[in-house]
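Structure assessment
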Amino acid sequence: MKIYLIGIGGIAMGNLAYMLKKSGHEVSGSDAGVYPPMSDKLKEWGIPYYEGFKAENVKGQDLIVVGNAISRGNPEVEEMLNSGTEYLSMPAAISEFFLKGKKVIVVAGTHGKTTTTFLIHHILKENGIQPGLFVGGIRKDGFPGFELGNGPYFVIEGDEYDTAFFDKSSKFLHYRPTYAVLNALDYDHADIFPDIAAIETMFLRLINLVPGNGKIFYWSGSGSLKKLVQHVKFTDTEGFEWNRKESSLGWKKNELVWENVKLNPVIFGDHNYRNLEVAIRVCSEILREKNPNGYKQGIAKAIDSFPGVKRRQDILFQSEKAVVMEDFAHHPVAVHETIHSVKKRFHGYKIISLFEPRSATSHRNVFQKEYSYSFLGSDLTILTEIYNLKKVPKDVRLDVKKLVQKLLKNSKTLPVYAKDPQELFAKLEKMIPQFAGQKILILAMSNGAFGGIYPDLVELARKHV
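Small disclaimer: the values here were computed from a predicted structure and weren't measured. (Residues numbered from 1 in each chain as written. Predicted model: local features only at pLDDT ≥ 70, side-chain atom pairs only at ≥ 80, totals over all residues. Heavy atoms only, no water.)

Description of the sheet that holds strand S15 (residues 249-252)
Worth spelling out the cut-off: A strand pair is defined by DSSP finding two or more bridges across the two strands. Each helix is a run of H or I in the DSSP string that is no shorter than four residues. Each strand is a run of E no shorter than two, and both are numbered from the N terminus. When checking whether two residues touch, look at their non-hydrogen atoms; a contact exists if any pair is within 4.5 Å. The axes are straight lines fitted to the C-alpha atoms, using for helices just the contacting stretch, and the angles between their N-to-C directions are given from 0 to 180°.
Taken in spatial order, the 3 strands make up an open sheet running S15-S16-S17, and their pairing is antiparallel. Only two strands of the sheet have a single partner each, and these edge strands are S15 and strand S17 (261-262). Sheet topology note: the S15/strand S16 (residues 255-258) ladder contains 4 bridges and is antiparallel. Residue Lys 252 lies in a different strand from S16, and its bridge partner there is Glu 255. Strands S15 and S16 of the sheet are contacted by helix H8 (residues 270-290), whose axis makes an angle of about 120° with S15. With respect to the sheet, helix H9 (residues 295-305) is in contact with S16 and S17, its orientation differing from that of S16 by roughly 140°.

As structure tokens, then:
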């Protein structure tokens, strides 16, 4: 089949293109601009693509997959609709080509999806299950966010964001869940959801898709999730926490243990231990039947070999005096949990938090108040202006200067405003001498490129003594 992807330059769309080619299809595509790493990957995989959109590009195709960022008015979309060519959204294409006949583990929630998806896949794979995988990230060892898998299971990150210009329901509603993992539910994606009730509606629809012989795992610390699952009648539900009486994971003599089995995971912090707790529960459900006497040792060994995920607690540099860490945190809850976990793990370090409001939600003032408490625990906080001032009207835009003033009152951190990442680095460079002789941890939080300052941060930390 000749399959064409409009918007092939995105990580998820590019990965899907490779999976389709690997399955025997003739694949090509286009995007407004295709940049590294995906441009390099497409060339490596032998998948041709056009820079820019032209109607003639889609002629003669059997199927067109339309990316989430593509809208009406795109010349290829208009030709597709006028010609009557078959088309699917990316999630629908994944379901059509890779999820049929599989027991699908859908990992959903407003936080922790990527890490938990990778964890479950890794544990199952290390224990001989050979699951498929589709997730929006890359492991720290370079393992990509996709795998066809030859086994009966498929692990997929269930994004609550909308699907395509012609389908405004959440992506995860296409994924045929046998098991649903619900890590958290907070208000997010303010550009498409008016309130948390709108997100809860999508999660409720996902819950209703889980069959009677499946299972729903939900974080019992979330009031929204507890509310949604209380009326489930046809499917087993299981709440999870960690380090509680009802948990299987917790601390014993300052060691992380799972039912008396010592664990040494690379990930840390309360939020990641919750991710670990539910990954253990899901994998136990599957592996217990295969190896009732030895599955615990197999799970523990896999956890200890898990390399972690890029851009999640990703240490770019470490010396005796300085650490540079990159993290994807952008929601106020994620920012707070990340800073808290880092401060606890790196006891005695001065925490320097750098933050770029770049996501669709962090652009907006919906969390103006919440951000004023998110940076508690930092010794120095430098915030840039939002990434694209023109993207959000002023009346609904996050007021970063006002946030800095509020931080002065609400926390012990020293807050500093910067107009962009370059000014942020310049201010940091001038302020870093005040930490001379002390251990520092520079925590850079952004869901984007942060103006490309990471190499400069590493060099700055390298010089710190």
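There's more to say after this.
Some thoughts on the layout of surface pockets
Going by this rule: Note on definitions: the grid is 1 Å and covers protein atoms alone; a cavity is a set of points where a 1.4 Å probe fits but cannot get out; a pocket is an open set with protein on both sides within 12 Å along at least five of seven lines; lining residues have an atom within 4 Å of a point. Grid points are joined across faces, edges and corners, and a volume is the space filled by probe spheres set on the points. When residue character is reported, Ala, Val, Leu, Ile, Met, Phe, Trp, Tyr, Cys and Pro are called nonpolar, Asp, Glu, Lys and Arg charged, and the others, Gly included, polar.
A volume near 200 Å³ is recorded for the second largest pocket. In terms of lining, the second largest pocket is formed by 13 residues, of which the most central are Asn 15, Lys 41, Trp 45, Ile 138 and Pro 144. With 4 residues, helix H2 (residues 38-45) is the largest single contributor of residues to the lining of the second largest pocket. Classifying every residue of the lining of the second largest pocket by side-chain character gives 7 nonpolar, 4 polar and 2 charged.

Focus on the UniProt feature "domain: Mur ligase central" (unreviewed entry) in the protein
Counted only if it meets this: UniProt positions are given in the numbering used here, feature names are shortened, and annotations may be inferred rather than shown by experiment.
With numbering aligned to this structure, UniProt lists the feature "domain: Mur ligase central" (unreviewed entry) at residues 107-282. With 26% helix and 26% strand, residues 107-282 has its two end C-alpha atoms placed 11 Å apart.

Concerning the UniProt feature "domain: Mur ligase N-terminal catalytic" (unreviewed entry) in the protein
Annotation from UniProt places "domain: Mur ligase N-terminal catalytic" (unreviewed entry) at residues 2-97. Across residues 2-97, helical content stands at 39% and strand content at 23%; the span's end C-alpha atoms are separated by 14 Å.

Thoughts on the pattern of salt bridges
Heads up, the condition is: Take a side-chain nitrogen of Lys or Arg and a carboxyl oxygen of Asp or Glu: if they are within 4 Å of each other, that pair is a salt bridge. Partly exposed describes any residue whose relative accessible area lies between the buried limit of under 20% and the exposed limit of over 50%, with all areas from a 1.4 Å probe on protein chains only and scaled to the type maximum.
Using the criterion set out here, one finds 21 salt bridges in the structure. Here Glu 78 and Arg 72 are joined by a salt bridge, their closest N and O atoms 2.7 Å apart. Residues Lys 296 and Glu 259 are paired through a salt bridge, measuring 2.6 Å at the closest nitrogen-oxygen approach. With a gap of 37 residues between them, Lys 296 in helix H9 and Glu 259 in the loop between S16 and S17 connect regions that are remote in the sequence. Residue class for Lys 296 comes out partly exposed when judged on its relative accessible area of 27%. Assessed through its relative accessible area of 41%, Glu 259 is described here as partly exposed.

Details of the domain arrangement of the protein
Formally: Residue ranges for the domains originate in an automatic or database domain assignment. Throughout, the accessible surface (probe 1.4 Å) given up by two parts as they are put together, summed over both, is called the buried area. Here a polar contact means two N or O atoms within 3.5 Å. Within protein one must be a hydrogen donor candidate and the other an acceptor candidate, and residues neighboring in sequence count only if both atoms are side-chain atoms.
When the domains of the protein are assigned, the result is domain 1 (2-89), domain 2 (101-305) and domain 3 (314-464). Distance between the C-alpha centres of domain 1 and domain 2: 30 Å. Listed as interface residues are 17 residues of domain 1 and, on the opposing side, 15 residues of domain 2. Summed over both partners, the interface of domain 1 with domain 2 comes to about 1,300 Å²; 78% of that surface belongs to carbon and sulfur atoms. The largest per-residue losses of area from domain 1 upon contact with domain 2 belong to Met 19, Asn 68 and Ser 89, which jointly make up 44% of the total buried on that side. In this assembly, domain 1 and domain 2 are joined by 1 residue pair in polar contact (both at pLDDT 80 or more). Per element, the largest residue contribution to the side of domain 1 that touches domain 2 is 6 residues, and it comes from helix H1 (residues 11-22). Residue classes in the side of domain 1 that touches domain 2 are distributed as 10 nonpolar, 5 polar and 2 charged.

Quick notes on the sheet that holds strand S3 (residues 49-51)
Taken together, the 5 strands give an open sheet; going across it, the order is S3-S2-S1-S4-S5, and neighbouring strands pair in parallel fashion. This sheet does not close on itself; its edge strands, each paired only once, are S3 and strand S5 (86-89). Across this sheet, the average inter-strand angle for adjacent strands is 20°, counted without regard to direction. Strand direction decides the pairing type here: strand S1 (residues 2-6) and strand S2 (residues 26-31), joined by 5 bridges, are parallel. The residue of S2 that forms the bridge with Ile 6 is Ser 30.

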